[in-house]
Amino acid sequence: MDRGHKKSFWALMVTQFFGAFNDNVLKVLVTLLIVQWVQDESMREQLVDLTGVVFVAPFLLFSMVAGRISDRVGKPRVIIATKVWELLVVTVAAFSLWMKSIPFMMGALFLLSMQATFFSPPSTGSSRS
């Protein structure tokens, strides 16, 4: 592996790590805040369960579309677009935390998982360059 490929490999690994880190930290944070803020035990359990569904749903709903887009548009463009998307969604997530809004937090979690769904095909090499 020459120096350029080694550099791009490590850049991708760091990007992958922080993307997965952001997704999981937000999911855990939303779950913990629900446990702290919601007094009704039944409602709390339902919201915690919903958090898991919201986190997984984009992968189930959009995986095929994400792969097709990655094939048609190209890996570099999709990677750049999804990373810009991630920055915007993290901003929305921070705002939702500041507002203490569970619906906005759920929306941000869905959008961040959706971003990860679209980032995955070009970053794993499952589509053409």
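Quick caveat, the model's predicted, so the values are computed rather than measured.

A. Region of interest: a negative patch on the surface. Residues Asp40, Glu41, Glu45 and Asp49 make up a contiguous surface patch of negative charge. With respect to the helices and strands, the residue Glu45 is situated in helix H2 (residues 41–73). A residue is classified by how much of its surface remains accessible, and Glu45, at 46% relative accessible area, is partly exposed.

B. Spotlight on the environment of Arg44. Relative to the assigned elements, Arg44 resides in helix H2. Measuring from C-alpha to C-alpha, the distance between Arg44 and Leu29 comes to 14 Å, with 15 residues separating the pair along the chain. With sequence-adjacent residues up to four places away left out, Arg44 is seen in contact with Ile34, Val35, Val38 and Gln39.

C. Inspection of the packing of H2 against helix H3 (residues 75–99) at higher detail. Put simply, H2 and H3 touch, their axes get as near as 7 Å, and they point 125° apart. If you check the angle between H2 and H3, you find them oblique. Along the contact surface, H2 presents Ile69, Ser70 and Val73, while H3 presents Lys75, Arg77 and Val78. Its residues placed into classes, the contact of H2 with H3 shows three nonpolar, one polar and two charged.

Scoring rules and cut-offs
One numbering rule holds for all chains: residues counted from 1, following each sequence as written. Thresholds applied to this predicted model are a pLDDT of at least 70 for local features of residues and 80 or more for the giving and counting of side-chain atom pairs; totals over whole chains, interfaces and linings are not thresholded and use all residues. The side-chain numbers reported here are obtained from all heavy atoms of the structure, hydrogens and water having been left aside. Patch criteria: residues need more than 30% relative accessible area and no salt bridge. Like-charged residues are merged within 9 Å; nonpolar side chains of Val, Leu, Ile, Met, Phe, Trp and Tyr are merged within 5 Å. Each accessible area is a Shrake-Rupley estimate made with a 1.4 Å probe; only the visible protein chains count as cover when residues are assessed. One speaks of a salt bridge when a side-chain nitrogen belonging to Lys or Arg is within 4 Å of a carboxyl oxygen belonging to Asp or Glu. Charge counting treats Lys and Arg as positive and Asp and Glu as negative, with His and both chain ends excluded. A single reference atom marks each charge: NZ on Lys, CZ on Arg, CG on Asp, CD on Glu. What counts as a helix is a DSSP run of H or I of at least four residues, what counts as a strand is a run of E of at least two, and both are numbered from the N terminus. Here the term buried applies to any residue with accessible area under 20% of the maximum for its type, exposed to any over 50%, and partly exposed to those in between, with areas from a 1.4 Å probe on protein chains only. Two residues form a contact once any of their heavy atoms are found within 4.5 Å. Note on geometry: axes are C-alpha line fits, over the in-contact stretch for helices, and angles between N-to-C directions span 0 to 180 degrees. Orientation is classified from the angle alone, with under 35 degrees giving roughly parallel, over 145 giving roughly antiparallel, 65 to 115 giving roughly perpendicular, and any other angle giving oblique. Under the grouping applied here, Gly and all other residues not named as nonpolar or charged are polar, the nonpolar ones being Ala, Val, Leu, Ile, Met, Phe, Trp, Tyr, Cys and Pro and the charged ones Asp, Glu, Lys and Arg.

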